[in-house]
Amino acid sequence: MDERHETELERADRNFGELLQELRVMQTGVQFLFAFLLTLAFTARFPSLDAMQRATYVTTLLLAVVAAALLTAPAAVHRVLFHLGAKPQIVRVSSRLAAWGMGALVLALSGSVLLVVDVTVGRGAGIAAGAGTFAVCGGLWALMPWLLRRALLRRREASPAAPGREEGPARRG
């Protein structure tokens, strides 16, 4: 049973609105990170970076650009396709773009932490801090939602359908 009593297009509109809210949160972080990375190259200490630090900087800068591009791409997809009645497809593609954008963002954040801690404390601490950042973001952004989804699906499969609740596996969106 569909609790919301909405059509496929109404559901797609709602899902796209929710996705846009998520993208707004992520985009602000990407913008701050990208601005920070752009300014680093113009600091007095930048010329003293070693080869690994420079490689980390360039890689991280490019990952931030990729994250920004992926997280803003849903707006472009919507702009080009909105008048074609393709909202469900727009939502599916945009959701994938957002997931890839989050992947690029976790790598950019990890690289940024690696670089800053490497320069300020040392290489070993930088690698540990970058790996820790990756683990925390991966845990919060991927592992925790996956575990919650799995628990929800198990609960729904274990209990009979209650009135007013849809039956079967959890519907996406």
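Scroll up a little and you will see the structure.
Now for a quick tour of the structure.

Thresholds, definitions, all that
Residues numbered from 1 in each chain as written. Predicted model: local features only at pLDDT ≥ 70, side-chain atom pairs only at ≥ 80, totals over all residues. Heavy atoms only, no water. Helix = DSSP H or I, 4+ residues; strand = E, 2+ residues; numbered from the N terminus. Rg over C-alpha atoms; globule rule 2.2 N^0.38 Å. Buried < 20%, exposed > 50% of the residue type's maximum accessible area, 1.4 Å probe, protein only. Contact = heavy atoms within 4.5 Å. Areas by Shrake-Rupley, 256 points an atom, 1.4 Å probe, with all protein chains shown as cover. Lys, Arg positive; Asp, Glu negative; His and termini not counted. Charge placed at Lys NZ, Arg CZ, Asp CG, Glu CD. Salt bridge = Lys/Arg side-chain N within 4 Å of Asp/Glu carboxyl O. Axes fitted to C-alpha atoms, helices over the stretch in contact; angles between N-to-C directions. Parallel < 35°, antiparallel > 145°, perpendicular 65-115°, else oblique. Left-handed = near helix turned anticlockwise from the far one by under 90°. Nonpolar A, V, L, I, M, F, W, Y, C, P; charged D, E, K, R; others polar.

## Overview of the overall build of the chain
Broken down by element type, the chain carries 4 helices and 0 strands. Counting helices and strands in the order they occur from the N terminus, the chain gives α-α-α-α. On C-alpha atoms alone, the chain measures out to a radius of gyration of 21 Å, which is more than a quarter above the 16 Å that the 2.2 N^0.38 rule sets for 173 residues. When the 173 residues of the chain are sorted by exposure, 33% land in the buried category. Expressed as a percentage of contacts within the chain between residues at least 6 apart in sequence, the contacts between residues at least 24 apart total 68%. Within the structure as shown, the chain displays about 10,700 Å² of accessible surface, and the carbon and sulfur contribution to it stands at 68%. The distance from the centre of the 19 positive side-chain charges to the centre of the 13 negative ones in the chain is 6 Å.

## Concerning the pattern of salt bridges
The tally for this structure, following the rule as stated, stands at 6 salt bridges. The residue R14 makes a salt bridge to E18 at a minimum N-O spacing of 3.4 Å. Placement of both R14 and E18 in helix α1 (residues 8-40) is noted, with a separation of 4 residues, approximately one turn of the helix. Note on R14: relative accessible area 19%, which makes it buried. Note that R123 is salt-bridged to D50, the shortest N-O span being 2.6 Å. Taken together, the residues span a long stretch of sequence, with R123 in helix α4 (residues 123-158) and D50 in the loop between α1 and α2 (51-81) at a distance of 73 residues. Each of E6, R11, R14 and E18 takes part in a single network of salt bridges with overlapping partners.

## Remarks on the packing of α1 against helix α3 (residues 87-120)
In helix packing, the relevant descriptors are the interaxial angle and the interaxial distance, both defined with respect to the helix axes. Remark: α1 packs on α3, axes separated minimally by 9 Å, with the N-to-C direction vectors making an angle of 25°. One element, α1, and the other, α3, form an angle in the roughly parallel class. Here α1 and α3 pass one another in a crossing that is left-handed. Here the residues of the contact of α1 with α3 sort into 21 nonpolar, 4 polar and 3 charged.

## Here we look at the packing of α3 against α4
At a minimum axis separation of 7 Å, α3 and α4 run at an interaxial angle of 155°. Judged by the angle between their axes, α3 and α4 are roughly antiparallel. Pair α3 / α4 crosses with right-handed handedness. For the pair α3 and α4, contact is made by M102, L105, V106, L107, L109, S110, V113, L114, V117 and D118 and by R123, A125, G126, I127, A129, G130, T133, F134, C137, G138 and W141, respectively.

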